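As a plain string of letters, each chain reads:
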There are 4 protein chains.
Amino acid sequence: MTTEEAGSRTREAAEAAILEDRQTGEATAPDEADGQGVAVLTGASRRKLESRRKLFVERGYHETRPQDISKAAGVGHGTFYLHFEDKLDCFLAFTEEAADELEIFVQTHHAVAGSLEEGIRELLTAIFEYSDKNPGVLAAALTDISVLSTGDTGKKMPVDRWADVWAQLMEHWKETGEAFAELDTRMAGYLIVGAIKQGGAYGFRRRLERADVIEGMARLFVRALKK
Amino acid sequence: MTTEEAGSRTREAAEAAILEDRQTGEATAPDEADGQGVAVLTGASRRKLESRRKLFVERGYHETRPQDISKAAGVGHGTFYLHFEDKLDCFLAFTEEAADELEIFVQTHHAVAGSLEEGIRELLTAIFEYSDKNPGVLAAALTDISVLSTGDTGKKMPVDRWADVWAQLMEHWKETGEAFAELDTRMAGYLIVGAIKQGGAYGFRRRLERADVIEGMARLFVRALKK
Amino acid sequence: MTTEEAGSRTREAAEAAILEDRQTGEATAPDEADGQGVAVLTGASRRKLESRRKLFVERGYHETRPQDISKAAGVGHGTFYLHFEDKLDCFLAFTEEAADELEIFVQTHHAVAGSLEEGIRELLTAIFEYSDKNPGVLAAALTDISVLSTGDTGKKMPVDRWADVWAQLMEHWKETGEAFAELDTRMAGYLIVGAIKQGGAYGFRRRLERADVIEGMARLFVRALKK
Amino acid sequence: MTTEEAGSRTREAAEAAILEDRQTGEATAPDEADGQGVAVLTGASRRKLESRRKLFVERGYHETRPQDISKAAGVGHGTFYLHFEDKLDCFLAFTEEAADELEIFVQTHHAVAGSLEEGIRELLTAIFEYSDKNPGVLAAALTDISVLSTGDTGKKMPVDRWADVWAQLMEHWKETGEAFAELDTRMAGYLIVGAIKQGGAYGFRRRLERADVIEGMARLFVRALKK
DNA sequence: CATGAATGAGAATTCATTCAT
DNA sequence: GATGAATGAATTCTCATTCAT
């Protein structure tokens, strides 16, 4: 998605667009919408419904009612179901939105990344910057699917997407000979995501300095991965 | 708990007791696994209520009703509330029970652990053995508290306990000079728990060989920690 | 409410409107009989929910479930909570409705009241006529608040409203010199309301002739109040 | 009941016995117990169960559970049902106990009463003294039966007993020619009880001076009844 | 497209009462 | 007699979703 666009933007611009609630993002988001009931709308109410983010982040999935989202968006209850199949669908939309934003961060940061060491540090910085501007969003978006519904929805969750991103990077570092050869990049992707999620939550709770958290993580990740 | 007893048992015996649903544990567990504010009830129904585990694991917190637990235990609805203050209290009891069990595994494995490398491998083995015998229990017990209730309950969750265990081990390895000096053991404890949780889920979903998962994790952890 | 309308109606007409379940009252009552915090809903279900009266009167507060009221009204359980905050709120709405109706009776009767003696007799007549047409309503509406909820709700209960009405009348009779000068009208208002409530219940149980009950009360009240 | 005893006691002694929680009352209370399941017991637990009074007064009927009464009495749940048929039976026992106590007050005060005027003032004084020593007891004991259960229990409630007492007194005053001849003493009994109940509640809420409340009531009652 | 009144299955919890010990 | 663990019908209230307008 929007990779060509992202390429033509400066890194700062791309991030700014995201952080300022995607006023320029309109051109991109609808693209991903398939012709089906979900996320079909382009107009005002779709943008309004993005108020879901605030609610899901602050209250969590189970404490947020479709009604709340509609109300916060200033639309009627019924309108909610013109945009989302159901509550879970709405949550996944939020989740994907967050993943999209993060992906841009990751990509733009990677563009300038040189060595494995610099790259990891850059990425973590990007992630925590994002987290700083969007407090709680990652934690909320990484909510375990099993908590949301019983049956496996088959949906690709943000965890998977993000793990992929890391896996690809590590694959790249394997090719450049910076990462050790036996590295199982898929597995390592999940391990890193898990570590970041838990470590991030810990740092948040303990109100640790962002720089310290990043440094602590980076050191361990670099040691773990470097040849 | 039962540390003196655990000492007198062989490691296998101790684990077996746990894994076989604690037939020998009765003398110890029911007395202290409670501490929940509700009257410390012993007797038939309390033990029966341990059926909660199966349900929380299979369906998750939100899909398990107090009624289900009572029914599975073969007792009346009201009996549930003689043993637990409310649903959350019941879940936390399950959670602590699992943490207790795991702690024994970790302790007994550590007892024989020699080097950092062996130690990590041992621990991971222990954890995955436990997970193998108690499928899903760890994942369920590590459920994020924020998903369970709105307000912070102030309870120490299994994640914290487990992170502590790892932190202490790493502290030990720092003293023996096996772990690198600048290691922030607290943070690293959380990172490892997060990684194991996510990696474990990944391995479970992909039906990976346990040995491979352990090996993959161990390699990374050792690299990350060793001097 | 509807004071100007009541003025233009004959006394009989105004009462009839009330007693015949307010078919003409629709224009006025639904708009203000609410004031309850929950959205001011008009429309079918609100009027239907007035079936609460029958239930509260026949079964009393504790024997009437929100569900019963909904069912009697032919609406769903959930609808109940669109109109009332909770069960108590619903009861208080009934209570206020009854007080409103009674107030009109009292006012219209007072309009024609001449002397203290005539006035008292008129009022009692009005009250018992109302009670006759709405059997049990006053008794139910005068239910002691302490029976309904633990904490003081701070709400002005019908007893207070009605005591006020009597107090004002007595104040008037003090001014005209018909009532004795030292009369504490506030206190006397409560005494009279209490007496009517208990005496009414007694008369109802004993199936006494309405005229006799009125006469018995009137005689005592007149003696007590007249200069 | 115990009229001969009451007669041989001084008024002060009789009241003291009541107010000091009836240490001497044991000889009397059991007398009234019939040979049936209810109130059969004489021993320790019966006296203990009298803690019901505090609970019914403070929390009201619906907020007081048999369990609470048992607990307050320091006996087991089951013991409750050895003494009372059910919760309502227990409440009525409390109610009768209060009525008994009040009756003694009323009788002893009446013994010294001379004129109608003095008599009324004496009685009111007695009642409010009792209420002062036993705050809330009368209000609780006068709880309307309809609030307690659906079907008429056929039990004679305290209201009735008390109304009777007043009726008898008024009958007496009719005979002495102090009360006006046409007085319907039965009805008037209820009117007075109702007035006292409501007026007492009002005075209590407004924290009026007891003397003022008594004076206010007495004046009205005397005016209403005197020839 | 948009609405919001209406819905009713379902959730958590309570409590009067029983009965085996 | 005394106990208190056990019960399950019953209660209040919620909330994801629908559908007539």
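Residues numbered from 1 in each chain as written. Chains lettered and ligands numbered in written order. Predicted model: local features only at pLDDT ≥ 70, side-chain atom pairs only at ≥ 80, totals over all residues. Heavy atoms only, no water.

Asker: Report on the interface of chain B and chain A, specifying residues and quantitative values.
Answerer: Counting residues at the interface gives 34 residues for chain B and 33 residues for chain A. Counting across the chain B and chain A interface gives 2 salt bridges. For the salt bridge of Asp160(B) with Arg205(A), the shortest nitrogen-to-oxygen distance reads 2.8 Å. Inspection of the region where chain B meets chain A yields 9 residue pairs in polar contact (both at pLDDT 80 or more). By residue number, the principal contributor to the side of chain B that touches chain A is helix α13 (residues 185-205) of chain B, which donates 14 residues. (Contact = heavy atoms within 4.5 Å. Salt bridge = Lys/Arg side-chain N within 4 Å of Asp/Glu carboxyl O. Polar contact = N/O pair within 3.5 Å; in protein donor to acceptor, adjacent residues only side chain to side chain. Helix = DSSP H or I, 4+ residues; strand = E, 2+ residues; numbered from the N terminus.)

Asker: Can you tell me about the UniProt feature "DNA-binding region" (unreviewed entry) in chain A, naming the residues and giving the values?
Answerer: Under the local residue numbering, the UniProt record ascribes the feature "DNA-binding region" (unreviewed entry) to residues 65-84 of chain A. Helix makes up 75% of residues 65-84 of chain A and strand 0%, with an end-to-end C-alpha separation of 13 Å. (UniProt positions renumbered as here; feature names shortened; annotations may be inferred.)

Asker: Summarise the interface of chain D and chain C; cite the residues concerned and give the values.
Answerer: Residue-level contacts link 33 residues of chain D with 34 residues of chain C. When chain D packs against chain C, close to 3100 Å² is buried across both sides, 64% of that on carbon and sulfur atoms. At the surface where chain D touches chain C, the tally comes to 2 salt bridges. At the level of elements, α11 (158-175), α12 (185-205) and α13 (210-225) of chain D are the ones that each hand at least two residues to the side of chain D that touches chain C. Here the element with the most residues in the side of chain D that touches chain C is α12(D); it accounts for 13 residues. Tallied by class, residues from the side of chain D that touches chain C come to 17 nonpolar, 5 polar and 11 charged. (Buried area = accessible area lost by both parts, 1.4 Å probe. Nonpolar A, V, L, I, M, F, W, Y, C, P; charged D, E, K, R; others polar.)

Asker: Which residues make up the packing of helix α4 (residues 52-59) of chain D against helix α5 (residues 66-73) of chain D, and what values do they have?
Answerer: All names here are of chain D. Following both chains from N to C, one finds α4 and α5 inclined at 135 degrees, their axes separated by 9 Å at the closest point. Of the possible angle classes, the one that applies to α4 and α5 is oblique. In this structure, α4 crosses over α5, and the sense of that crossing is right-handed. In this structure, α4 uses Arg52, Leu55, Phe56 and Arg59 to contact α5, whose residues at the interface are Asp68, Ile69 and Ala72. Of the residues belonging to the contact of α4 with α5, the class tally is 4 nonpolar, no polar and 3 charged. (Axes fitted to C-alpha atoms, helices over the stretch in contact; angles between N-to-C directions. Parallel < 35°, antiparallel > 145°, perpendicular 65-115°, else oblique. Left-handed = near helix turned anticlockwise from the far one by under 90°.)

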